[in-house]
Amino acid sequence: MDTGRAAHSAGEAIPGPVPGGGRTPSTERAEPLPFTPDTLLWDMTGDIRVLLYLPAALVLQVAHPAVGAGVDEHSVFRTDPWGRARRSLDSLQLWVYGGDRAVEEGRRLRRLHRDIKGTDTRGRPYHALSPAPYAWVHATGFPVFLRAAEYLFGPFDEAGERRLHAEARRLGRILGIRERDMPGSVEEFWTYFDTVVRDELERTVVVDELLDPHRSVPPPPDGAGAVLRLLWPVLRPALLRLQVFVTKGLLPPVARERLDVSWTPRDERRLRLLGRVVRTVVPRLPERLRYLPAAYSARRAVRA
């Protein structure tokens, strides 16, 4: 399984819109199907391990100049990090476990981003719903899911990787991304991914902040519990170091190189050791502790 680069010529271009694209107009307009318990994302997205690997996808997203500028200028991630994280996680859970509500959540997100625009770090105008940056935000999920599987769940074989890619495209349709703006195969995806990393990604201000283990993070909100809030000054440094370490490790190697993120053989050994511990402990947790509330409720509803 290739979780970092595809084996292809570095000169290949990003797959772009193709007239007809091998897809009929009806496939572009068809209502996306909700996710069901027989899908890979149903198992992975609600598992508490999502808290470990989602930050790597976020770093990939904000390394795109347009996305990074949009987050830098319009997001409240600095002033309300806990609220921003909670809303993002709730939205993600709706995409997979929301049933018919998933499509409406995709529409809500597009409405939310309708007025986000400005100028990126290269002096280019951007709009949050432009096909390239909007599709890139979605595209970061596939490689990070693969990396998370390799370290935290158990790696996919080739058939599993292709199945995951098909589900990622299905998720893209829920988010309102057109078929022609998503790579059609795993091979096309890695060509697209490597080209965006090489030609677009940069170490933006937001990337620097997310990879800074000394950044300021306020105590959790009141609902998180009095003990956690009380111990936050002691816990924060260790938790941030762990989060930044795992985030760096789960970045695809080609992206780490492009963003000048240090990673040593010793770091790799430590991450693999941590992964073995996580793979041993988490599956043994009670279901109500292993899954986030939306996923736990959905799983119970299916059984009922």
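S.K.: What am I meant to see in the overall build of the protein here?
M.R.: Of the regular secondary structure elements, the protein holds 16 helices and two strands. Against the compact-globule benchmark of 19 Å for 304 residues, the protein has a radius of gyration of 19 Å, which places it among compact chains. Out of the 304 residues in the protein, the part that is buried amounts to 45%. In the protein, the proportion of contacts linking residues at least 24 apart, taken out of those at least 6 apart, comes to 76%. The centroid of the 46 positive side-chain charges in the protein is displaced by 5 Å from the centroid of its 38 negative side-chain charges.

S.K.: Honestly, the side chain of Asp181 in this entry has me stumped. Any pointers?
M.R.: When you line up the elements, Asp181 lands in the loop between α9 (158–174) and α10 (186–199). Classification of Asp181 by relative accessible area gives buried; the value is 17%. One polar contact links Asp181 to Arg178, side chain to side chain, over a distance of 2.7 Å.

S.K.: Can you walk me through the pattern of salt bridges in this structure?
M.R.: According to the stated counting rule, one finds 27 salt bridges in the structure shown. The residue Arg178 makes a salt bridge to Asp181 at a minimum N-O spacing of 2.7 Å. Under the relative-accessibility criterion, Arg178 is labelled partly exposed at 33%. Arg272 is the partner of Glu268 in a salt bridge, and the nearest nitrogen-oxygen pair spans 3.0 Å. Of the two residues, Glu268 and Arg272 are both situated in helix α14 (residues 265–281); the distance of four residues between them amounts to about one turn of the helix. Classification of Glu268 by relative accessible area gives buried; the value is 19%. Taking relative accessible area as the criterion, Arg272 reaches 33% and is therefore assigned partly exposed.

S.K.: Got a minute to help me understand the nonpolar core in this structure?
M.R.: In summary, soluble globular proteins display a tendency toward joint burial of nonpolar side chains. Counting residues in hydrophobic clusters, the biggest one holds 72 residues, and the most contacted among them are Tyr53 and Trp136. When neighbours within four sequence positions are excluded, Trp136 is seen to be in contact with Leu60, Gln61, His64, Tyr192, Phe193, Val196, Val197 and Leu201. Counting five residues, the second-largest nonpolar core is a separate cluster that includes Ala66, Ala69, Tyr126 and Ala128.

S.K.: Would you mind showing me how to read helix α6 (residues 101–112) here?
M.R.: An α-helix turns once every 3.6 residues. As a result, residues three or four positions apart point the same way. For α6, spanning twelve residues, the distance from its first C-alpha to its last is 16 Å, which sits close to the expected 16 Å at 1.5 Å a residue. Residues of α6 that are buried: Ala102, Val103, Glu105, Gly106 and Leu109. When α6 is viewed along its axis, its buried side chains cluster within an angular range of 160° and face the same direction.

Reading the values: the criteria
Residues numbered from 1 in each chain as written. Predicted model: local features only at pLDDT ≥ 70, side-chain atom pairs only at ≥ 80, totals over all residues. Heavy atoms only, no water. Helix = DSSP H or I, 4+ residues; strand = E, 2+ residues; numbered from the N terminus. Rg over C-alpha atoms; globule rule 2.2 N^0.38 Å. Buried < 20%, exposed > 50% of the residue type's maximum accessible area, 1.4 Å probe, protein only. Contact = heavy atoms within 4.5 Å. Lys, Arg positive; Asp, Glu negative; His and termini not counted. Charge placed at Lys NZ, Arg CZ, Asp CG, Glu CD. Polar contact = N/O pair within 3.5 Å; in protein donor to acceptor, adjacent residues only side chain to side chain. Salt bridge = Lys/Arg side-chain N within 4 Å of Asp/Glu carboxyl O. Core = buried A, V, L, I, M, F, W, Y, C linked by side-chain atoms within 4.5 Å. Expected span 1.5 Å × (residues − 1). Arc of directions from axis to C-beta.

The values reported here are purely geometric and, on their own, carry no functional implication.
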